[in-house]
Structure formats: structure tokens, C-alpha cells
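Chain by chain, the residues:
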Amino acid sequence: SQKIEQNSEALNIQEGKTATLTCNYTNYSPAYLQWYRQDPGRGPVFLLLIRENEKEKRKERLKVTFDTTLKQSLFHITASQPADSATYLCALFGSGGYQKVTFGTGTKLQVIP
Amino acid sequence: EPEVTQTPSHQVTQMGQEVILRCVPISNHLYFYWYRQILGQKVEFLVSFYNNEISEKSEIFDDQFSVERPDGSNFTLKIRSTKLEDSAMYFCASRVSGTGGETQYFGPGTRLLVL
């Protein structure tokens, strides 16, 4: 069955360092992958999308890589700040317009001042 | 900035009762979704809706669930006879286009508690 794993449930890093979060998937060939941020009691907020034919995407302090051979995506936050503390979710979409979305379990990031 | 809204923010109901959760998607969006998140667990897809019909549903979305777009703005999720295990946060989402992976915009959620 399709499975998405995010490397750890929780990650603590010092302010100013780069946070790296991992998303691995099996039995899936997604057309594209998204990363979301979720704060407690709130809905997910879209951050970045990367397509299967793209290796890397950047947006301000965020960077996403997508390796379809390894079936892995890495999500980096550079110069991390306490305000970056949240749960980060990866989500996989199949090809086509409105296919089922599958979310990972999330990694809770805590940036320590 | 346009946003997805959901009402109510919290709903408490007795087991066996019917509940209707309401969503107002962003006005020019064409694809609508419901997800749920049981406390401490991952966000789970329930159903997608396009052109006034269900386009895909998960195994969670059984006969107890139904969705409707009763007018040009609202999108509702009905649970006919609630069970204890239906207690969760329910999120509505919408997006403007079905191709290319355009962003899904999520609402703030309705927290449903079944007693």
C-alpha cells in the first residue's frame, strides 16, 4: 500500500541553523509534491510545490528537493527563527486534476532561541 | 486576501445525531475537498468534489457521509449518524484548477466532538 514517512515526529534546532526535514514515500508515483505548515488547531497552509520533473525549488528561506529515484523529498529552512516552529507536512498528489491527496504524519519543528 | 471559511468552529453532538459542517470556498475555485484530522494523527482525505459531483472519495467516506453544494457558495459535509470515532477536526479546502497541482487553500477547521 502507499506509504509516506516523515523522518521524525519532532526536530529541535538552534535559531539561525538550517532545519532539514525528510519525506520518503513508497508504492507511489506522484506527479507532484507539496509542503505545508500547520500550527496547533489550525488548517494546513501551503508553502511550496515541486513537480516530478523538477529537482529543486526555492522560496525565500525555504528550499525543497525532489528525488523520484530515491522516492524522497527534503525540505530545508535556512536561518531558522522561533516563528518557524510548527508542524510541517508533506503531501503527495497523483497525476491528473483532482486525485486523492495523501499527507504524511508531519514533523514538529521547534526552533530554540 | 480571499480565504476559505468554515462554520461552526466547534460542534458537540450526541452519538447517533446528524451533523452538518459548512464551508464557503474561495469564490472562483472549482474543486472542493473535505479532510479530517483525528487529534494527534495525520490529515486524511475524505472526498473531492467537482462540477456538482464527487470526483473521488476515500474508504473513510462511507454511506454515513454525504457532501453537497446547495447553492453557488456553500459546500457542506453531512454525517448522518455520528459515532464516537467521528470526533476530529474537519477541514474544507478548495483550489482553482484541477491540473498542475495548484495550491489547496484550507479553512480553519471545525472541531467535532461526539459524546
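In this text the structure is predicted, and so the values were computed from the model without any measurement.

Our next topic: the side chain of A:Arg37. Residue and element names in this part refer to chain A. Relative to the helices and strands, Arg37 resides in strand 4 (residues 32-38). Side-chain polar atoms of Arg37 contact the backbone oxygen of Ala83, separated by 2.9 Å. Within polar-contact distance, the side chain of Arg37 engages the backbone oxygen of Ser85 at 3.4 Å. Beyond its immediate chain neighbours, meaning those up to four positions away, Arg37 contacts Gly43, Pro44, Val45, Leu47, Ala83, Asp84, Ser85, Ala86, Thr87 and Tyr88.

What follows is about the sheet that holds strand 7 (residues 65-68) of chain B. Two strands in a sheet stick together by hydrogen bonds in their backbones, pointing the same way (parallel) or opposite ways (antiparallel). All names here are of chain B. Reading across the sheet, the four strands line up as 1-3-8-7 and stay open at both edges, with antiparallel pairing between neighbours. One side of each edge strand has no neighbouring strand; the edge strands of this open sheet are strand 1 (5-7) and strand 7. Looking at each pair of strands side by side, their axes are set apart by 20 degrees on average, direction ignored. The pairing of strand 3 (residues 19-24) with strand 8 (residues 75-79) spans five bridges and is antiparallel. Paired with Ile20 across the two strands is Lys78, which belongs to strand 8.

Calculation notes
Residues numbered from 1 in each chain as written. Chains lettered and ligands numbered in written order. Predicted model: local features only at pLDDT ≥ 70, side-chain atom pairs only at ≥ 80, totals over all residues. Heavy atoms only, no water. Helix = DSSP H or I, 4+ residues; strand = E, 2+ residues; numbered from the N terminus. Polar contact = N/O pair within 3.5 Å; in protein donor to acceptor, adjacent residues only side chain to side chain. Contact = heavy atoms within 4.5 Å. Pairing = 2+ DSSP bridges. Axes fitted to C-alpha atoms, helices over the stretch in contact; angles between N-to-C directions.

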